[in-house]
Amino acid sequence: MRPGHRGLLTVVMFLLTLAGSGDMVGQVFRQPSPGDVYREYAVAIDLSGDAWHVTNAQAVINYPGSAGPYPNPINEISIDAGALSGATRAEAILTIWGGHVGTTGKQIAFNGNAFLNIPELQTTPTAGQNYMNQVNVTIDVPVGHLNEGINTFQGESGGQTAYNFGWGTWGLYGVLLRVYYDPATKAHVTGAVTSPATNATIGDNPTVTASVTGSANRVDFVAYYDGYDSDGDGVYLEYHNDYHMPKFGAMTIQNHVGTATASPWSVTWNNGIVPDQSGMRIVARIRGTDGVWYVTQPTTNITLARTNASVVLYKPLNVGEREWAKGDVDDGVHPAGYQIQDISIPSTANAVSASALIRTWHGVDTEDPNHFVRFNGYTFPTLGDSYFPKLDILTVPVASLTAGTNSFTFYSEVVDHHGIEIPWPGPALVVRYSGSGGGIGASITSNPVNQSVTVGQTATFTVVAGGTAPLSYQWQKNGADIAGATSASYTTPATVLADNGSTYRCVVSNAYGSPAT
């Protein structure tokens, strides 16, 4: 299930504002918008020592000599001379490991200025800091906190709650700064996505092309669709890309449509794990030879419909807040050492191939020669990376699929070492069917629109969804089902002040894939 697509009820004087979801509700990882003009500066933190490690003071009290240095290490990132002239705003994209479950108060400061809060996951059923995660997070950075030339930055951590590790800790692997400008006053290249066009239908491995006006040296294509959440914030319907760098690698865009570095500005989109759907969009981010980026307007209402085939994404159904396979971890549901996450497949008839998408932290578990990761009865070859996050896309034998409940099983028997973490929102399975046998999973293609009402008035939210009929709808308030609210639109009762802060969302489902919310 993908939390998001919700409305928020707030009070201003006697005005109640119910905010429709927008594209970014639930996201902690924000994307630049069409028309934006900016520069980018990135640094990958040295992982060979403690430079990436962020702790709180309690760490050195409880674990002197083994918890890393405190105060936390100071790292550096450079900004070009003149780059802050005319800047209207700035933001930082962080790639972080969530660390000890229950670690609170994650912060970062630039150049000795005030610490900036790093938001927790917004899509989890309970408090975000209680979840295993590897996530890209976007935070606003005051322009006045930055310098041209060398900038220093330092992480900070609050304490740790819930599981009695005794100290708060998390990992900061990389930082990407974006410095934005007024497009009307900042010179920049321009361009447009020329293929696929708005309202186009595409199939497997389409060609994606942009036109560019001005001198450029790079075009990144990014698509908006309902697909696997590689950035880790639990939102599946979004513009898809992330900045989770490989171990000892650069912090650069990945898991996007593709990158062209010369004219003609064209790539082949390897979209084999993207499920069939409508309502997709594609933008191009164009970098001029002067280092200034421009984001095109999107081509919209693109439909992905394969010829004599269909692809379905099955999402996990029961991801807990501490998905940690470790010999001394018993979550009250699974035996010690095990974590099991289920998916439901309505039918395996006409299935021709399947792929598992599995994100882990320390998935290889070098301390335990008996560890394994399985899908039903099939054991995967070695996956993951030692003490580091990794996304693996692995072939699953079709013979291992079963109609009904299917399970990913993670096992590690270590006690004195780390074990295997399975970051939020868990693994997923992509199945390709011949013909239309797989159907198309439910997906929300248009989100609720923000509204403002006065106390005593009602508000109406509407979603537009696609997928193989029939579609089922269930609206929720504060995570609880609303009785009888089972259509594409929902009108609230007359609002009262007590409704302040309530959230509304719609869960749309059909027989194919996991629910879209």
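The notes below deal with the structure included here.

### What about the pattern of salt bridges?
So, step 1. For the structure shown, the criterion picks out 15 salt bridges.
So, step 2. In this structure, Arg30 and Asp140 form a salt bridge, with 2.6 Å as the shortest nitrogen-oxygen distance. Of this pair, Arg30 sits in the loop between β2 (15-19) and β3 (37-44) while Asp140 sits in strand β9 (residues 134-140), placing them 110 residues apart in sequence.
So, step 3. A relative accessible area of 24% places Arg30 in the partly exposed class.
So, step 4. Arg178 is paired through a salt bridge with Glu91; the nearest N and O atoms lie 3.6 Å apart. Taken together, the positions of Arg178 in strand β11 (residues 169-181) and Glu91 in strand β6 (residues 87-97) put the pair 87 residues apart, joining distant regions of the chain.
So, step 5. Judged by its relative accessible area of 0%, Arg178 falls in the buried class.
So, step 6. On the basis of relative accessible area, Glu91 is assigned to the buried category, the value being 3%.

### With respect to the pairing of strand β22 (residues 309-314)
So, step 1. Of all six residues in β22, six are buried; the element is thus mostly enclosed.
So, step 2. Residues Ala309, Val311 and Leu313 line one face of β22 and the alternating positions Ser310, Val312 and Tyr314 line the opposite face, and both faces are buried.
So, step 3. Examined bridge by bridge, β22 and strand β31 (residues 428-434) share six bridges and lie antiparallel to one another. In the sheet register, Val312 faces β31, and the bridge partner there is Val431.

### What to know about the packing of aromatic side chains
So, step 1. Following the criterion strictly, the structure yields 19 aromatic pairs and no others.
So, step 2. Here Phe110 and Phe153 contribute two aromatic rings whose centre-to-centre distance is 6.0 Å and whose plane-to-plane angle is 45°, an arrangement assigned as tilted. Of the two residues, Phe110 sits in strand β7 (residues 107-110) while Phe153 sits in strand β10 (residues 149-156), which places them 43 residues apart along the sequence.
So, step 3. By relative accessible area, which is 0% here, Phe110 ends up buried.
So, step 4. Three or more aromatic residues link up through ring pairs in this structure, and these residues are Trp52, Trp97, Tyr173, Trp361, Tyr387 and Phe388.
So, step 5. It is Arg89 that lies over the ring of Tyr180; its NZ or CZ is 3.7 Å from the centre.
So, step 6. The ring centre of Tyr236 lies 4.6 Å from the NZ or CZ of Lys315, which sits over that ring.

### Describing the side chain of Thr169
So, step 1. With respect to the helices and strands, the residue Thr169 is situated in strand β11.
So, step 2. Only 2.9 Å separates the side chain of Thr169 from the side chain of His53, close enough to count as a polar contact.
So, step 3. With near-sequence residues (within four places) excluded, Thr169 lies in contact with His53, Val54, Thr55, Gly98, Gly99, His100, Thr103 and Ser157.

Reading the values: rules and limits
Residues numbered from 1 in each chain as written. Predicted model: local features only at pLDDT ≥ 70, side-chain atom pairs only at ≥ 80, totals over all residues. Heavy atoms only, no water. Salt bridge = Lys/Arg side-chain N within 4 Å of Asp/Glu carboxyl O. Helix = DSSP H or I, 4+ residues; strand = E, 2+ residues; numbered from the N terminus. Buried < 20%, exposed > 50% of the residue type's maximum accessible area, 1.4 Å probe, protein only. Pairing = 2+ DSSP bridges. Phe/Tyr/Trp six-rings, centres within 6.5 Å; stacked < 30°, edge-to-face > 60°. Lys NZ or Arg CZ within 6 Å of the ring centre and 35° of its normal. Polar contact = N/O pair within 3.5 Å; in protein donor to acceptor, adjacent residues only side chain to side chain. Contact = heavy atoms within 4.5 Å.

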